[in-house]
Amino acid sequence: MGRVKRIAILGSTGSIGQQALDVVRASPDELQIVALTGNRNLRLLERQIREFQPRMFCSTTRPDTSYGGEFLSLDEIAGHPEVDFVVVATAGKAGLSPTLAALKTGKTVALANKEVLVMAGEITVREASLHQAQILPIDSEHSAIWQCLQGEESKPQRLFITASGGPFYSCSQSQLSQVTAEQALQHPVWKMGRKVTIDSATLMNKGLEVIEAHWLFSFPFGSIEILMHPQSIVHSLVEFMDGSLKAQLSRPDMRLPIQYALSYPRRWPNPELPRLDWSKIHSLDFEPVDYDRFPCLRLAVDAGKSGGTYPAVLCAADEVAVELFLSRRIGFTDIAKIVQKTLEQHRNIAGPSVEEILAADDWARECAARLSLDHCAEPERRSNLGIER
Ligand code: MG
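Here the structure is a predicted model, which means the values were calculated and not measured.

Quick notes on the rules
- Residue numbers here run from 1 along each chain, matching the order of that chain's written sequence.
- Local features in a predicted model are, by the rule used here, given only for residues with pLDDT of at least 70; side-chain atom pairs are given and counted only at 80 or more, and totals for whole chains, interfaces and linings are based on all residues.
- Side-chain metrics rest on all non-hydrogen atoms present in the structure, leaving aside hydrogens and water.
- Helix and strand assignments follow DSSP, with helices taken as H or I runs no shorter than four residues and strands as E runs no shorter than two, numbered in order from the N terminus.
- Only protein chains enter the accessibility calculation, which uses a 1.4 Å probe. A residue is then buried if its area is under 20% of the maximum for its type, exposed if over 50%, and partly exposed in between.
- Only heavy atoms enter the contact rule, under which two residues are in contact if any of them lie within 4.5 Å.
- We define a nonpolar core as any set of buried Ala, Val, Leu, Ile, Met, Phe, Trp, Tyr and Cys residues linked to one another through side-chain atoms lying within 4.5 Å.
- Note that the domain bounds were set by an automatic or database domain assignment.
- Like charges within 9 Å and nonpolar side chains (Val, Leu, Ile, Met, Phe, Trp, Tyr) within 5 Å are joined into patches, using only residues over 30% in relative accessible area that form no salt bridge.
- Using a 1.4 Å probe, the Shrake-Rupley method yields the accessible areas, and only the shown protein chains count as cover for residues.
- By definition, a salt bridge exists where a carboxyl oxygen of Asp or Glu is found within 4 Å of a side-chain nitrogen of Lys or Arg.
- Using a 1.4 Å probe, buried area is obtained as the accessible area two parts lose upon being combined, added over both of them.
- Each axis is a line fitted through C-alpha atoms, and for a helix only the stretch in contact is used; angles between axes span 0 to 180 degrees, taken between their N-to-C directions.
- An angle below 35 degrees is treated as roughly parallel, one above 145 as roughly antiparallel, one from 65 to 115 as roughly perpendicular, and anything else as oblique.
- Handedness of a helix crossing follows the sense of rotation of the near helix relative to the far helix, less than a right angle counterclockwise being left-handed and clockwise being right-handed.
- The nonpolar class holds Ala, Val, Leu, Ile, Met, Phe, Trp, Tyr, Cys and Pro. Asp, Glu, Lys and Arg form the charged class, and all remaining residues, Gly among them, are polar.
- What a helix is expected to span follows from its residue count: subtract one and scale by 1.5 Å.
- Sites may look incomplete because water is not among the atoms; the donors themselves are N, O and S atoms within 2.8 Å of the metal, or within 3.2 Å for Na, K and Ca.
- Here a strand pair is declared whenever DSSP counts at least two bridges between the two strands.

Caption draft 1: Geometry of the environment of alanine 247. Mapping alanine 247 onto the fold places it in strand S11 (residues 245-249). Relative accessible area serves as the criterion here: at 37%, alanine 247 is assigned to the partly exposed category. Remark: the alpha-carbon pair of alanine 247 and phenylalanine 160, spanning 87 residues in sequence, is separated by 9.2 Å. Ignoring anything within four residues of it in the chain, the contact list for alanine 247 reads Cys148, Val234, Ser236 and Leu237.

Caption draft 2: Structural detail: the nonpolar core. The biggest cluster of nonpolar side chains holds 115 residues, and the ones touching the most others in it are Val87, Leu262, Leu314, Phe325 and Ile335. Top element by residues in this core is helix H13 (residues 310-326). It accounts for 12 residues. Summarising the domain contributions, this core has at least three residues from each of domain 1 (5-137) and domain 2 (307-376).

Caption draft 3: Looking closely at a nonpolar patch on the surface. Taken together, the side chains of Leu249, Trp278, Leu284 and Phe286 present a nonpolar region at the surface, about 370 Å² in accessible area. Assignment of secondary structure puts tryptophan 278 in the loop between helix H11 (255-263) and strand S12 (287-288). Judged by its relative accessible area of 52%, tryptophan 278 is exposed.

Caption draft 4: Representation of the domain arrangement of the protein chain within the structure. As far as domains go, the protein chain holds domain 1 (5-137) and domain 2 (307-376). Between the C-alpha centres of domain 1 and domain 2 the distance comes to 27 Å. Facing the 10 residues of domain 1 at the interface are 13 residues of domain 2. For the pair domain 1 and domain 2, the two sides together bury roughly 830 Å², of which 73% comes from carbon and sulfur. Remark: the boundary between domain 1 and domain 2 carries two salt bridges.

Caption draft 5: Quick look at the packing of helix H12 (residues 295-306) against helix H14 (residues 334-345). Where H12 meets H14, the closest approach of the two axes is 9 Å, and the angle between their N-to-C directions is 25°. The angle between the axes of H12 and H14 places the two elements in the roughly parallel class. As for the relative orientation of H12 and H14, their crossing is left-handed in sense. Contacts from Pro295, Cys296 and Leu299 in H12 reach Ile335, Ala336, Val339, Gln340 and Leu343 in H14. For the contact of H12 with H14, a count of residues per class yields seven nonpolar, one polar and no charged.

Caption draft 6: Fine view of H13. Taking 1.5 Å per residue as the helical rise, H13 with its 17 residues ought to reach 24 Å, and the 24 Å between its terminal C-alpha atoms agrees with that figure. Judged by how many residues are buried, H13 sits mostly within the fold: 14 of 17 residues are covered. Downstream of H13 by a residue or two, arginine 328 has a phi angle that is positive, lying close to 60°.

Caption draft 7: View of the coordination of the magnesium ion. Those protein atoms acting as donors to the magnesium ion are Asp139 (OD), Glu141 (OE) and Glu209 (OE), and they sit at 2.1 to 2.4 Å. In primary sequence terms, the donor set of the magnesium ion follows D-x1-E-x67-E. What makes aspartate 139 buried here is its relative accessible area of 11%. Looking at glutamate 141, the relative accessible area reads 7%, which means it is buried.

Caption draft 8: Focus on the sheet that holds strand S7 (residues 135-137). Strand order in the open sheet formed by seven strands is S4-S3-S2-S1-S5-S6-S7, and the pairing between neighbours is parallel. The open sheet is flanked by strand S4 (70-71) and S7, the only strands paired with a single partner. The strands touched by helix H1 (residues 15-26) within the sheet are strand S1 (5-10) and strand S2 (31-37), with S2 carrying the most contacts at an inclination of about 160°.

Caption draft 9: View of the pattern of salt bridges. In the structure shown here, the tally under the stated rule is 25 salt bridges. Arginine 158 is the partner of glutamate 225 in a salt bridge, and the nearest nitrogen-oxygen pair spans 3.1 Å. Of the two residues, glutamate 225 is situated in strand S9 (residues 224-228) and arginine 158 in strand S8 (residues 158-163); the sequence distance between them amounts to 67 residues. Residue glutamate 225 is classed as partly exposed on the basis of its relative accessible area, which comes to 28%. A salt bridge links aspartate 277 to lysine 280, with the nearest nitrogen and oxygen atoms 3.3 Å apart. One connected set of salt bridges, linked through shared partners, spans Lys93, Glu319, Asp361, Asp362 and Arg365.

Written out as structure tokens, the structure is:
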């Protein structure tokens, strides 16, 4: 048995953070929580701190009561010498700085946050290799690809990322324009946070995953394909030069990719993880993706290919648009329009620094908010959405 891994979970009160703690509960002899951080859900963070007694913690609002642990910043926790392994499960750009802090101190980072690699893939991968630090994927698709690559010495030729298609994959263009926030929040397979659930419905999430795969596996965009697979049993596939394909299959449950990252290079038993019941699986379907009905996907892949500050602008504009959609200010199909217009107005910076990336993020938020105000000002659109003045 190896040494106990000392783990910091950044974003422990979110969906992935809570599931990571489930995995830790299942393997208490292998894993030790040394730091937990939350955003605004202080009550849950408090409960987690009481249960796991971490040495360090952080939250947006500094709690009134003393927990006994040390209150540190995300960056201080990520770079702390008593931490071996950092799970980055924070949402949005807040994950970037602590990820870099962890990599600079040679720690292993298990990445659930998409924005880090999408916004700053080049910098993140460079820091990892400079400090011989490892980045392990937690996303189910990237974990599947990573698992398929184990034991292979030859580089694969193509990666196939699977997509369930979300709740509206069979909807027509006009049906899509009528979709409400309540409908969009009902994902048929995965239980996730609100932002990623909407991104899954627009397929923006899949586009972001293509950019992540490009950086994680240093793979050209032209060789990463998307396959629609509504059952979400095959989590991705890898094709080798001899035409052989490998796939990873399991019931859709995020605890499996989380546990694989934590147990790597070993596998651990966990009776909590569900097994596939073949008597209930009658077929596994695959079909090529329809880029036309889901323009966010193309916008994301194109932003990834163009590189520079475009991917950061894409992420920021999408975050603003999704928030506006959830608060019923814009329609479902307006999300892509606002992201596209913001990208069109952006002046790209090639090979940007972290500061330039964050500045592009700020610019894109303002631009997207301004564009959506103009957009919402159209009277017909307002009445369609039931927006009252
Ligand atoms: Mg995914």
